[in-house]
Amino acid sequence: MLNNQGRPTQPVEVAAPHVRKTFTGHRALAMEEALIFEVGRAEVTGVDVDDAGEFTPRLGKLERTTPIDLPGLSEPETMRHYVRLSQKNYAIDLGLYPLGSCTMKHNPRLNERMARLPGFGDIHPMQPVSTVQGALELIDTLASWLTEMTGASAVAMSPKAGAHGEACGMMAIKAALEARGEGAQRRVVLVPESAHGTNPATAALIGYDVRPIPAREDGTVSVEAVQAALGPEVAALMLTNPNTCGLFEPEVVAIAQAVHAAGAFFYCDGANFNAIVGKVRPMDLGVDAMHINLHKTFSTPHGGGGPGAGPVVLSDALAPFAPVPFIRKDGQKFTLVEHTQGTQSFGRMTAFHGQMGMFVRAMSYMLSHGGDGIRQASEDAVLNANYIRVCLSDVMSAPFGDKPCMHEALFDDRWLKNTGVTTLDFAKAMIDEGYHPMTMYFPLVVHGAMLIEPTESESKASIDLFIMALRDLAFSVQKGETERFSGAPYYAPRRRLDETRAARSPVLRWTKPKPIAAANQIAAE
Ligand SMILES: *Cc1c(COP(=O)(O)O)cnc(C)c1O
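Now for a quick tour of the structure.

Thresholds applied
- Residues numbered from 1 in each chain as written.
- Predicted model: local features only at pLDDT ≥ 70, side-chain atom pairs only at ≥ 80, totals over all residues.
- Heavy atoms only, no water.
- Helix = DSSP H or I, 4+ residues; strand = E, 2+ residues; numbered from the N terminus.
- Buried < 20%, exposed > 50% of the residue type's maximum accessible area, 1.4 Å probe, protein only.
- Lys, Arg positive; Asp, Glu negative; His and termini not counted.
- Salt bridge = Lys/Arg side-chain N within 4 Å of Asp/Glu carboxyl O.
- Contact = heavy atoms within 4.5 Å.
- Phe/Tyr/Trp six-rings, centres within 6.5 Å; stacked < 30°, edge-to-face > 60°.
- Near = heavy atom within 4 Å.
- Polar contact = N/O pair within 3.5 Å; in protein donor to acceptor, adjacent residues only side chain to side chain.
- Areas by Shrake-Rupley, 256 points an atom, 1.4 Å probe, with all protein chains shown as cover.
- Nonpolar A, V, L, I, M, F, W, Y, C, P; charged D, E, K, R; others polar.
- Arc of directions from axis to C-beta.
- Axes fitted to C-alpha atoms, helices over the stretch in contact; angles between N-to-C directions.
- Parallel < 35°, antiparallel > 145°, perpendicular 65-115°, else oblique.
- Left-handed = near helix turned anticlockwise from the far one by under 90°.
- Expected span 1.5 Å × (residues − 1).
- Patch = residues over 30% accessible without salt bridge, like charges linked within 9 Å, V, L, I, M, F, W, Y side chains within 5 Å.
- 1 Å grid on protein atoms, 1.4 Å probe; cavity = no way out; pocket = protein on both sides within 12 Å on 5 of 7 lines; lining within 4 Å.
- Points joined across faces, edges and corners; volume = space filled by probe spheres on them.

## Quick notes on the side chain of Asp 413
Okay, so step 1: By the element assignment, Asp 413 lies in the loop between strand 10 (409-411) and helix 12 (423-432).
Okay, so step 2: One buried charged residue, Asp 413, forms no salt bridge at all, with the nearest opposite charge on Arg 414 at 6.6 Å.
Okay, so step 3: Those residues in contact with Asp 413 that sit more than four places away from it in its chain are Ser 397, Thr 423, His 447, Gly 448 and Met 450.

Listed below in structure tokens is the structure:
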């Protein structure tokens, strides 16, 4: 349907209002689906259980006096309900997911097979350690891969997300400063303006004052700006590298030296590690602590797909303060150090040992790729992002000109000026083309930012179609076809939502419609 100029041969229908409303609300294969409370009825069930018969309640006076009123469905109704809901969800298994900074790469099915092996999937964190030696060995092996790839002395495995990892790293830094007797004096954490919101939030949560570092014209942080903000009151710098503008920080080594010379620590946000795995060991750059998002770099599912995992690699200086539990190897036996007595550990971050399923998936990814494969994944991710950057450079504006990017390409909204189309409109029109929008309005240092991260797992054909779709949208902007954008998405199950109202006055409680009113409402429609 696309000719070789990347223009659809069929004109795109701009507005959809003429599309007839259907009686059912379904649109061919796009099924409308009500909430389970609306489709279910308390008297319906998919299971055949014997009547409880006579029994004496043992709840004192606490027995329920009204029906529980949970919505029941038959088995086929249950299947349809959840399958229909699942089909409303955009997913990496459905299409290209260009959400910058999120590394939405394919989750290999081999990883799922491995995570479901009974020896990994069916164990319990409170089992005696003698019965879970294999699981502990896997965590230990994964830890050694992570320290090898980063050049770190130690890694804390238990944090359960990137942001949780940030908290872990900053707590280790705080503990190290306290051990040095400087805990009270060093109250400030430096955070560049381009940082992910979790960085200042983490610093504040741990009790620090946040001092912003301005970004340079070219989107990177200068050693002078860091130096100017350093002082005896500074505990740490939190810097993302590659940064959220998709650029490798060229002065990172000098910045690390300046931070250390001022007696502070260097926390690196490693969310963008996918761009440099196998190419650079972050600890060689002078990093003291860095979280790794297994759910980004190492292909474990994220978003609606599963929990994250944010192991934190630590330098020699911070390793003694790592949280419990950690694994110790005595000869051929693995033991868990669960308590802080006799250690300098800052404490415990989670109830148990971290996200075992994610550890298995990440290890499976690493072993199936090998060191060379992981390096190639990084190279391909960077190549794909640069391909997109260059192929769109004549129609969209890039804040940092022709500078090569790492694994994500950043555009701004200068090319939309005076067109009546905003970054938000453009992103909504992408939904009509079957794409999840890119990251919008982030990083904040770039006006109307659009951050595109294709990852290495997209084929050239898939990336080419994406580029052509974006070019087609850009041509529409140039031609003044603003209706294609102003009301978008036209073809999604729901049109544009009032996101401000949803955020300011969220309706968090479902109330049962009155049967008569509901009937009238249906009749009125
Ligand atoms: C994703 C991300 C985080 C937070 O990671 P979570 O796992 O979502 O908590 C922090 N910083 C950057 C730059 C990120 O992209």
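## Examining the packing of aromatic side chains
The relation between two aromatic rings is expressed through the spacing of the ring centres and the mutual angle of the planes.
Okay, so step 1: For the structure shown, the criterion picks out 7 aromatic pairs.
Okay, so step 2: Ring geometry for Phe 37 and Trp 510: centres 5.1 Å apart, planes at 25 degrees, overall stacked. Residue Phe 37 is found in helix 1 (residues 36-39), and its partner Trp 510 is found in the loop between helix 15 (499-504) and helix 16 (515-524); the two are separated by 473 residues along the sequence.
Okay, so step 3: On the basis of relative accessibility, which here comes to 43%, the residue Phe 37 falls in the partly exposed class.
Okay, so step 4: Among the residues examined, Trp 510 registers a relative accessible area of 31% and is labelled partly exposed.
Okay, so step 5: Residues Phe 426 and Phe 485 carry aromatic rings whose centres are separated by 6.2 Å and whose planes lie at 10 degrees to one another, so their mutual orientation is stacked.

## Quick word on the site of the ligand
Okay, so step 1: The immediate surroundings of the ligand are formed by Ser 101, Ala 161, Gly 162, Ala 163, Glu 166, His 196, Thr 198, Asp 269, Ala 271, Asn 293, His 295 and Lys 296.
Okay, so step 2: Within the side chain of Asp 269, a nitrogen or oxygen atom sits 2.5 Å from a nitrogen atom of the ligand.
Okay, so step 3: Taking Asn 293, its side chain carries an N or O atom lying 3.0 Å from an oxygen atom of the ligand.
Okay, so step 4: When the free accessible area of the ligand is taken as 380 Å², the share hidden by the protein chains comes to 86%.
Okay, so step 5: Every element with two or more residues in the shell around the ligand is listed here: helix 6 (162-179) and helix 10 (294-297).
Okay, so step 6: If you tally residues by element for the shell around the ligand, the top one is helix 6, at 3 residues.
Okay, so step 7: For the shell around the ligand, a count of residues per class yields 3 nonpolar, 6 polar and 3 charged.

## Quick notes on helix 9 (residues 252-261)
Okay, so step 1: If you check which residues of helix 9 are buried, you get Val 252, Ile 255, Ala 256, Ala 258 and Val 259. When helix 9 is viewed along its axis, its buried side chains cluster within an angular range of 165 degrees and face the same direction. For helix 9, the exposed residues lying more than 90 degrees away from the buried face are Gln 257 and Ala 261.
Okay, so step 2: Buried residues belonging to helix 9 abut helix 8 (223-229), strand 4 (234-240) and strand 5 (265-269).
Okay, so step 3: Count one or two residues on from helix 9 and you reach Gly 263, which has phi positive near 80 degrees.

## As for the packing of helix 11 (residues 356-392) against helix 13 (residues 460-478)
Okay, so step 1: With their axes 10 Å apart at the nearest point, helix 11 and helix 13 run at an angle of 30 degrees to one another. It follows that helix 11 is roughly parallel to helix 13 by the angle criterion. Crossing hand, helix 11 versus helix 13: right-handed. Here Asn 384, Tyr 387, Ile 388, Cys 391 and Leu 392 of helix 11 lie close against helix 13, whose contacting residues are Lys 460, Ile 463, Asp 464, Phe 466, Ile 467, Leu 470 and Arg 471.

## Points about helix 13
Okay, so step 1: Taking 1.5 Å per residue, 19 residues should reach 27 Å; helix 13 reaches 26 Å between its end C-alpha atoms and fits that length.
Okay, so step 2: Burial analysis of helix 13 places 14 of its 19 residues in the buried class, the great majority of the element.
Okay, so step 3: Two residues or fewer after helix 13 comes Gly 480, characterised by a positive phi angle close to 80 degrees.

## Section: a nonpolar patch on the surface
Okay, so step 1: On the surface, Leu 35, Phe 37 and Trp 510 cluster together into a nonpolar patch covering about 280 Å² of accessible area.
Okay, so step 2: Note that Leu 35 resides in the segment before helix 1.

## Some points on empty space enclosed by the protein
One water molecule sets the probe size; rolling that probe over the atoms shows where empty space is left.
Okay, so step 1: If you walk through the whole model with that rule in mind, you get 3 cavities of 30 Å³ or more.
Okay, so step 2: In this structure, the largest cavity spans a volume of roughly 80 Å³.
Okay, so step 3: As for the largest cavity, its lining consists of Cys 245, Leu 247, Arg 389, Ala 398, Pro 399, Phe 400, Gly 401, Lys 403, Cys 405 and Leu 410.
Okay, so step 4: In terms of residue class, the lining of the largest cavity is built from 7 nonpolar, 1 polar and 2 charged.

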